[in-house]
Amino acid sequence: MDIKKYRVTPGESIQLSDYPTSDENRIAEDELLDQHIPKSVEELKELHWRLHAQEKNGVLVILQAIDAGGKDEAISYIFSNLNAQGLRTLSVKKPSDTEQKHDYLWRIHEGLPEKGEVGILNRSYYEEVIAPRIHDLLEEEEVPDDQDVWKMRYRQINDFERYLVENGFRVVKFLFNVSKDEQKKRLLERIKDPKKNFEFSFSDVEEREHWDEYQDIFAELVSHTSTEHAPWHVLPADDEWFTRYIVTEVMNDVLREIDPQYPKLTDEDQEKLDEAIKKLENE
């Protein structure tokens, strides 16, 4: 599978309609579940364990979507297979009073990975160029007099991601591109199923009234922030299992490039290890 076709070329101006919400060339679900996904997840587990053991690099994963796009399911299935010691997640929600007293990137720092970790932002600092724009939430002091506040934030985000990459932390970004019809189907499923309706929020339906605005803003932010050091991947999110497979394969591709290795013992440490083995075997 060519994962590059889901990657947005840096500098390219896109519309979400350029990226289908369902891939007609997708692998059949039975084949995905029986062959491709288990194999891909096993590789991801091994690469992640080596990343954690080496403690030289980290990976920041950004998941963005409109409501019911499939982010939570991707986290639950794929990333739950990884060792918890080398994994952290942060769900970015409406900012608290304390968070609003800081710059808009401040609140995500606890979700940033350490070296040897994969950090997952379920929604992210990109919320700060989405919801405030749709609902006109910016305070007067946040709006500069001499420039476009959204382009300013795009530049700041690009600079922040470059800073992370230059300091050994890869940034991997996924936009779950779901259709309006599929979102409706998933929201109704949440509402009608007693085991799922706790996940439903009435705001999910209200936000559908802004569907076109969301589509335009997602397209603009991706166009301005898909860079060589931190490209966006736009996923055909109507195809749930195929999307999870793409995410796993992109993660494997990134980790293969990092190529983490298990630490090698020094001669002195090897001698101590051999002594410990003998001591245990002779008990």
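See the structure above.
The structure contained in this document is the topic of the report that follows. (Residues numbered from 1 in each chain as written. Predicted model: local features only at pLDDT ≥ 70, side-chain atom pairs only at ≥ 80, totals over all residues. Heavy atoms only, no water.)

Observations concerning the pairing of strand β1 (residues 58-65)
On a regular strand, one side chain projects to one face of the sheet and the next to the other, so that they alternate. Buried residues dominate β1, accounting for eight of its eight residues. Pairing geometry for β1 and strand β3 (residues 118-122), over five bridges, is parallel. Across the sheet, Val61 pairs through a bridge with Ile120, a residue of β3. (Buried < 20%, exposed > 50% of the residue type's maximum accessible area, 1.4 Å probe, protein only. Helix = DSSP H or I, 4+ residues; strand = E, 2+ residues; numbered from the N terminus. Pairing = 2+ DSSP bridges.)

Some words on helix α1 (residues 29-54)
Over its 26 residues, α1 runs 35 Å from end to end, which matches the ideal 38 Å to within 8%, given 1.5 Å per residue. Considering bend angle alone, the principal kink of α1 is centred on His36 and spans about 40°; proline Pro38 follows within four residues of it. Three or more residues of α1 are buried, namely Leu32, Ile37, Ser40, Val41, Leu44, Leu47, His48, Arg50, Leu51 and His52. Where α1 is buried, its residues contact β1, α2 (71-77), β2 (87-91), β3 and α9 (240-258). (Expected span 1.5 Å × (residues − 1). Bend = angle between axes of the 7 residues up to and from the residue. Contact = heavy atoms within 4.5 Å.)

Details of the packing of aromatic side chains
Under the criterion given, the structure shown has six aromatic pairs. Plain terms: the ring middles of Tyr77 and Trp241 are 4.9 Å apart, the flat faces sit at 85° to each other, and that makes the pair edge-to-face. Linking Tyr77 in helix α2 with Trp241 in helix α9, this pair joins segments that are 164 residues apart in sequence. On the basis of relative accessibility, which here comes to 29%, the residue Tyr77 falls in the partly exposed class. Note on Tyr125 and Tyr126: the rings are 5.2 Å apart at their centroids and 35° apart in plane angle, and the pair reads as tilted. By relative accessible area, Tyr126 is classed as buried at 0%. Stacked on the ring of Tyr104, the Lys or Arg Arg153 has its end atom at 4.3 Å from the ring centre. Looking at Arg244, its charged tip hangs above the ring of Trp241, at a distance of 4.3 Å from the centre. (Phe/Tyr/Trp six-rings, centres within 6.5 Å; stacked < 30°, edge-to-face > 60°. Lys NZ or Arg CZ within 6 Å of the ring centre and 35° of its normal.)

Considerations on the layout of surface pockets
A volume near 240 Å³ is recorded for the second largest pocket. What lines the second largest pocket is a set of 16 residues, among which Arg7, Arg170, Glu228, Pro231 and Glu257 lie closest to the centre. Of all the elements in the fold, those that place two or more residues in the lining of the second largest pocket are β4 (169-177) and α9. Partitioned by chemical class, the residues of the lining of the second largest pocket number seven nonpolar, three polar and six charged. (1 Å grid on protein atoms, 1.4 Å probe; cavity = no way out; pocket = protein on both sides within 12 Å on 5 of 7 lines; lining within 4 Å. Points joined across faces, edges and corners; volume = space filled by probe spheres on them. Nonpolar A, V, L, I, M, F, W, Y, C, P; charged D, E, K, R; others polar.)

Things to note about the packing of α1 against α9
Axis separation between α1 and α9 bottoms out at 9 Å; the angle between their running directions is 30°. Taken as axis vectors, α1 and α9 run roughly parallel relative to one another. As α1 packs across α9, the resulting crossing turns out to be left-handed. Of the residues in α9, those touching α1 at Glu29, Leu32, Leu33, His36, Ile37, Ser40, Val41, Glu43, Leu44, Leu47, His48 and Leu51 are Trp241, Phe242, Tyr245, Thr248, Glu249, Met251, Asn252, Leu255, Arg256 and Ile258. Of the residues belonging to the contact of α1 with α9, the class tally is 13 nonpolar, five polar and four charged. (Axes fitted to C-alpha atoms, helices over the stretch in contact; angles between N-to-C directions. Parallel < 35°, antiparallel > 145°, perpendicular 65-115°, else oblique. Left-handed = near helix turned anticlockwise from the far one by under 90°.)

Details of the sheet that holds strand β5 (residues 232-236)
Strand order in the open sheet formed by five strands is β2-β3-β1-β4-β5, and the pairing between neighbours is parallel. The sheet terminates laterally at β2 and β5, the two strands that pair on one side only. Along the sheet, successive strands turn relative to each other by an average axial angle of 20°, direction set aside. α9 rests against β1, β3, β4 and β5 of the sheet, and its axis sits at about 165° to β4.

Topic: the environment of Asp145
Relative to the helices and strands, Asp145 is located in the loop between α4 (131-134) and α5 (149-166). Given a relative accessible area of 83%, Asp145 falls into the exposed group. As a C-alpha pair, Asp145 and Val172 span 27 residues in sequence and 33 Å in three-dimensional space.

Observations regarding empty space enclosed by the protein
Throughout the structure, instances matching the rule amount to two cavities of 30 Å³ or more. Considered as a void within the structure, the largest cavity measures approximately 50 Å³ in volume. Contributing to the lining of the largest cavity are Gly69, Gly70, Ala74, Phe176, Arg186, Ala237, Glu240, Thr243 and Arg244. Of the residues forming the lining of the largest cavity, the biggest block, three residues, is contributed by α9. For the lining of the largest cavity, a count of residues per class yields three nonpolar, three polar and three charged. Taken as a whole, the second largest cavity spans an internal volume of roughly 40 Å³. Forming the walls of the second largest cavity are Leu16, Ala65, Ile66, Leu175, Phe176, Asn177, Val178, Gln215 and Phe218. Of all the elements in the fold, those that place two or more residues in the lining of the second largest cavity are β4 and α8 (211-225). When residues of the lining of the second largest cavity are assigned to their parent elements, the largest contribution, three residues, is made by β4.

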